[in-house]
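As a plain string of letters, each chain reads:
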Amino acid sequence: MDITTSIAGIKLKHPVFNAAGPICTTKEELDAIGASAASAIVCKTMTKEPRKGNPEPRYADFGRNSINSMGLPNPGYKAYMALLPQLARHEKPIIASFIGMTLEDSLEIVAGLNEVKEIAAIEMNLSCPNLPGKPQVAYDFQRSGEVLAEVGKIIRKPWGVKLPPYFDEVHFKLIADILNGSTIQFVSVINSPGNGLVIDRDKEQVAIRPKQGFGGIGGPAIKPFGLANARKMRQLLKPKTSVVGVGGITTGGDVFDYILAGADAVQVGTAFMQEGPGVFGRLAAELEEVMTAKGYSRIADFRNKLKEW
Ligand code: SIN
């Protein structure tokens, strides 16, 4: 059985690693991912300045799903420039997630990350739904094109973007055209669909404090949208652009579905938060079981082979 894969030319032992999201902020958390079976280590989205994030409670589970409005708490890019090289001993690709609050911030962060040789790839997060008063950049197509063009001029690592879900045929086409005109080598789809609302019925209160209870939704409830966005990106982007599927993965069967729809790898957020670092090995083992049952021995046997009627 060979479940190796690659994104943006970077080889991975198997397709399953963490999403830039839960429990990937501190050195201890990142070391735990490094020590786990995850095939890569993604850090929390870093900003130029350290951020405390939004007021707590800012994360809540509802069943196997979640709502969060973390607000990008992180120690700032300079701290990660010092921290990420310490993860090299885990001998797996390190992916640095970032977003500037302005284009100038983004360029400063990228210039710093370019210098860190231990970083294998950079993921620009154009899709955080939890910054009060700030729109999700990726829903502004003109702005997204400008940001991608400017960052593309200076970035010297394999790089990609994390996108929010799109729900409209026209929007799929618009973002794909912009991405095809940029230098990105991978997309991660989807970030948590923003501005959902979860209610604690006993308390008759919203589940989280920030933004009057509105936040990004994770878990199996969003999987159909994650699958659709991964599939659309695979259909519309240049063949050499890798697709990383994210959203609602809780079983090896879910990993299989994303790869069948065209993903090269997957990231896990809510299930990692709920289950801890053992989730990565479990999902990789379950993927092998699904493949064995179906008679497949390599990812390429079924990747992007989803049938239509
Ligand atoms: C957050 O920190 O608010 C979540 C990260 C994201 O959705 O991009």
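Source: prediction; values computed, not measured.

1. Points about a nonpolar patch on the surface
Then, in step 1: On the surface, a cluster of nonpolar side chains totalling about 330 Å² of accessible area is made up of L197, I199, V206 and F214.
Then, in step 2: Relative to the helices and strands, I199 resides in strand β12 (residues 199-200).
Then, in step 3: Residue I199 is classed as exposed on the basis of its relative accessible area, which comes to 57%.

2. Focus: the packing of aromatic side chains
Then, in step 1: With the rule as written, the count across this model stands at seven aromatic pairs.
Then, in step 2: With 5.7 Å between their ring centres and 85 degrees between their planes, Y139 and Y166 make a pair best called edge-to-face. Taken together, the positions of Y139 in the loop between β8 (119-125) and α4 (141-154) and Y166 in the loop between β9 (159-163) and α5 (169-180) put the pair 27 residues apart, joining distant regions of the chain.
Then, in step 3: Classification of Y139 by relative accessible area gives partly exposed; the value is 37%.
Then, in step 4: Through successive ring pairs, a cluster of aromatic residues spans Y139, F141 and Y166.

3. Focus: the site of the ligand
Then, in step 1: Residues in close proximity to the ligand include K44, N68, M70, G71, L72, P73, N125, C128, P129, N130 and N191, which together make up its full environment.
Then, in step 2: A distance of 2.8 Å separates an oxygen atom of the ligand from a polar atom in the backbone of L72.
Then, in step 3: N125 has a polar side-chain atom sitting 2.8 Å from an oxygen atom of the ligand.
Then, in step 4: Calculation on the ligand without its partners gives an accessible area of 260 Å², and the protein chains cover 97% of this total.
Then, in step 5: Tallied by class, residues from the shell around the ligand come to five nonpolar, five polar and one charged.

4. Considering the side chain of S66
Then, in step 1: By secondary structure assignment, the location of S66 is in strand β6 (residues 65-68).
Then, in step 2: One polar contact links S66 to T270, side chain to side chain, over a distance of 2.8 Å.
Then, in step 3: Look past the residues within four positions of S66 in its chain and what remains in contact with it is Y59, A60, D61, G216, I217, G218 and T270.

5. Some words on the pairing of strand β14 (residues 214-218)
Looking along a regular strand, one sees side chains alternate from face to face of the sheet.
Then, in step 1: Here β14 lies mainly inside the structure; four of its five residues are buried.
Then, in step 2: Where β6 lies against β14, three bridges are found, and the strand directions are antiparallel. Looking at the pairing, N68 lines up with G216 of β14.
Then, in step 3: Looking at chain direction, strand β11 (residues 196-197) and β14 are connected through two bridges and run antiparallel. Each bridged residue has a counterpart across the sheet, and for G196 the counterpart in β14 is G215.

6. Focus on the nonpolar core
Then, in step 1: In this structure, F17, L30, M46, L84, M124 and L179 are the most contacted members of the largest nonpolar core, which totals 91 residues.
Then, in step 2: Considering each element in turn, this core owes the most residues, six residues, to helix α9 (residues 278-294).
Then, in step 3: Sequence-distant contacts of M46, that is, excluding residues within four places in its chain, are made with N74, Y77, Y80, L84, A96, S97, F98, I99, I109 and L113.

7. Observations concerning the packing of helix α6 (residues 223-236) against helix α7 (residues 252-260)
Then, in step 1: Axis separation between α6 and α7 bottoms out at 9 Å; the angle between their running directions is 30 degrees. When the axis of α6 is compared with that of α7, the two are roughly parallel. Here K223, G226, L227, A230 and R231 of α6 lie close against α7, whose contacting residues are D254, D257, Y258 and L260.
Then, in step 2: Grouping the amino acids of the contact of α6 with α7 by side-chain chemistry returns four nonpolar, one polar and four charged.

Conventions and cut-offs
Along each chain, residue indices are assigned from 1 in the same order as the chain's sequence is written. At least 70 in pLDDT is required for a residue's local features to be given in this predicted model, at least 80 for side-chain atom pairs to be given and counted, and no such filter applies to totals for whole chains, interfaces and linings, which use all residues. The side-chain quantities take in all heavy atoms of the structure and omit both hydrogens and water. Like charges are joined within 9 Å and nonpolar side chains (Val, Leu, Ile, Met, Phe, Trp, Tyr) within 5 Å, but only among residues with over 30% relative accessible area and no salt bridge; these make up the patches. Throughout, the Shrake-Rupley method with a 1.4 Å probe supplies accessible areas, and for residues the shown protein chains are the sole cover considered. Note on definitions: salt bridges are taken to be side-chain nitrogens of Lys or Arg within 4 Å of carboxyl oxygens of Asp or Glu. Comment: elements are numbered from the N terminus, with helices defined as DSSP H or I runs of at least four residues and strands as E runs of at least two. The rule is simple: take the accessible area with a 1.4 Å probe, protein chains only, and divide by the maximum for that residue type; under 20% is buried, over 50% is exposed, in between is partly exposed. Think of it this way: a Phe, Tyr or Trp ring, Trp meaning its six-membered ring, pairs with another when their centres are within 6.5 Å, and the plane angle makes it stacked under 30 degrees, edge-to-face over 60, tilted otherwise. Any residue with at least one heavy atom within 4 Å of a molecule or strand is counted as near it. We define a polar contact as two N or O atoms separated by no more than 3.5 Å, with the added condition that, inside protein, one atom must be a possible hydrogen donor and the other a possible acceptor, whereas residues neighbouring each other in sequence contribute only through side-chain atom pairs. Each residue gets one of three labels, nonpolar for Ala, Val, Leu, Ile, Met, Phe, Trp, Tyr, Cys and Pro, charged for Asp, Glu, Lys and Arg, and polar for the others, Gly among them. The contact criterion used is simple: two residues touch if any of their non-hydrogen atoms lie within 4.5 Å. Any two strands with at least two DSSP-identified bridges between them are counted as paired. The term nonpolar core refers to a set of buried residues drawn from Ala, Val, Leu, Ile, Met, Phe, Trp, Tyr and Cys, joined through side-chain atoms within 4.5 Å. Note on geometry: axes are lines fitted to C-alpha atoms, helical ones only across the stretch in contact, with angles between N-to-C directions running from 0 to 180 degrees. For this classification, under 35 degrees means roughly parallel, over 145 means roughly antiparallel, 65 to 115 means roughly perpendicular, and everything else is oblique.

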